[in-house]
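These are the residues of each chain, in order.
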Amino acid sequence: QEKLTSWLEAHRTGWKRSYITYAPRVLVSGTNFTLNIQTSGVILNIGGHQYERDASSSDFAFLSP
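Residues numbered from 1 in each chain as written. Predicted model: local features only at pLDDT ≥ 70, side-chain atom pairs only at ≥ 80, totals over all residues. Heavy atoms only, no water.

A.B. asks: Tell me about the overall build of the protein, and name the residues and values.
C.D. replies: When helices and strands are tallied, the protein shows one helix and five strands. In the protein, the order of α-helices and β-strands from amino to carboxyl end is α-β-β-β-β-β. Rg of the C-alpha trace for the protein: 11 Å, near the compact-globule value of 11 Å for 65 residues, within the 12% margin. Considered along the principal axes of its C-alpha atoms, the protein spans approximately 30 × 20 × 20 Å. (Helix = DSSP H or I, 4+ residues; strand = E, 2+ residues; numbered from the N terminus. Rg over C-alpha atoms; globule rule 2.2 N^0.38 Å.)

A.B. asks: Just give me the short version of the pairing of strand 2 (residues 26–29), but keep the residues and values in it.
C.D. replies: If a strand is regular, its side chains alternate between the two faces of the sheet. Pairing of strand 2 with strand 3 (residues 33–37) involves four bridges; the strand directions are antiparallel. In the strand pairing of strand 3, S29 is matched with T34. Taken together, strand 2 and the strand that follows it, strand 3, pair antiparallel across an intervening segment of three residues. (Pairing = 2+ DSSP bridges.)

A.B. asks: Account for the sheet that holds strand 5 (residues 49–54), with residues named and values stated.
C.D. replies: Taken in spatial order, the five strands line up as 1-5-4-3-2 in an open sheet, and their pairing is antiparallel. In this open sheet, the two strands that pair with only one neighbour each are strand 1 (16–17) and strand 2. Note that strand 3 and strand 4 (residues 41–46) share five bridges and pair antiparallel. By the bridge assignment, L35 is partnered in strand 4 with L44.

Function-wise, these values are silent; they only describe arrangement.
Structure follows, in structure tokens:
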């Protein structure tokens, strides 16, 4: 949780509104959000809106066992 929070804090900018439906790959769910981590990007659903940004899958390697 701390590593994910740190990544999100370090990447507050660069998000674009998205209207594309993405199939889940690695899904992280919280109380009021979902984060769908893809191979070359990440999709955030929060507050009834969807945003996306570029990201490397290695950025989230800590989520894999």
